[in-house]
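What follows is each chain in one-letter form.
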Amino acid sequence: MRFAVLAATGNFLLFFADNIANQIRTGRRRLSPQARTFAASADDREPRHRCRVCGKTELSDPKADFRYCSKCAGNQCYCGDHIFNHEHVLADEESKRSA
Ligand SMILES: [Zn+2]
Ligand SMILES: [Zn+2]
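In this report, the structure presented in the accompanying data block is examined. (Residues numbered from 1 in each chain as written. Chains lettered and ligands numbered in written order. Predicted model: local features only at pLDDT ≥ 70, side-chain atom pairs only at ≥ 80, totals over all residues. Heavy atoms only, no water.)

**Examining the coordination of the zinc ion (ligand 1)**
For a metal bound by four donors in a tetrahedral arrangement, the ideal donor-metal-donor angle is 109.5 degrees, while six donors in an octahedral arrangement ideally sit at 90 or 180 degrees. For the zinc ion (ligand 1), the full set of protein donor atoms is C51 (SG), C54 (SG), C79 (SG) and H82 (ND1), at a range of 2.0 to 2.3 Å. Coordination at the zinc ion (ligand 1) is tetrahedral: its four donor atoms span angles of 99 to 118° at the metal. If you list the donors of the zinc ion (ligand 1) from N- to C-terminus, the spacing comes out as C-x2-C-x24-C-x2-H. The same class applies to C79 as to H82, namely buried. (Donors = N, O, S within 2.8 Å, 3.2 Å for Na, K, Ca; no water. Tetrahedral: all angles 85-135°; square planar, octahedral: opposite > 155°, others 65-115°. Buried < 20%, exposed > 50% of the residue type's maximum accessible area, 1.4 Å probe, protein only.)

Quick look at the structure:
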């Protein structure tokens, strides 16, 4: 009697363990391509350089040349058209903006 119950419980547990293992395996397989796509699209949406004057990014304008102005407060990025043609950001202006 006890053996039968143990055997039944054992089968029951094995069945569930198999099911759970399958779910985890298929679940992972289903999730990983999505996660990869999401990470890739998040990368695409976030440009590393953006011109402070015209808002041009290396994504909207891959041929544009982006530079950081040494005379501006903070790390201000400008495209090739505006790097020598912008009003420099002053230190107190920048601190007011971030405060
Ligand atoms: Zn620009
Ligand atoms: Zn500047």
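**Here's the deal with the pattern of salt bridges**
Taken as a whole, this structure holds three salt bridges when the rule is applied. A salt bridge links K56 to D81; its shortest N-O distance comes to 3.4 Å. Here K56 is found in the loop between α1 (2–45) and β1 (66–68), whereas its partner D81 is found in the loop between β2 (77–79) and α2 (91–98), with 25 residues between them in sequence. Owing to a relative accessible area of 52%, D81 belongs among the exposed residues under this scheme. One salt bridge in this structure joins D65 and R67, with 3.3 Å as the shortest N-O distance. When its relative accessible area of 38% is taken as the criterion, R67 is described as partly exposed. Counted as one network, the salt bridges with shared partners bring together K56, D61 and D81. (Salt bridge = Lys/Arg side-chain N within 4 Å of Asp/Glu carboxyl O. Helix = DSSP H or I, 4+ residues; strand = E, 2+ residues; numbered from the N terminus.)

**A short note on the coordination of the zinc ion (ligand 2)**
Distances from the zinc ion (ligand 2) to its protein donors, C69 (SG), C72 (SG), H86 (NE2) and H88 (ND1), fall within 2.0 to 2.3 Å. The coordination sphere of the zinc ion (ligand 2) comprises four donor atoms, whose angles at the metal cover 102 to 121°; the geometry is tetrahedral. Within one chain, the residues donating to the zinc ion (ligand 2) are spaced in sequence as C-x2-C-x13-H-x1-H. Here C69 is found in the loop between β1 and β2, whereas its partner H86 is found in the loop between β2 and α2, with 17 residues between them in sequence. Using a relative accessible area of 14% as the deciding quantity, one classes H86 as buried.

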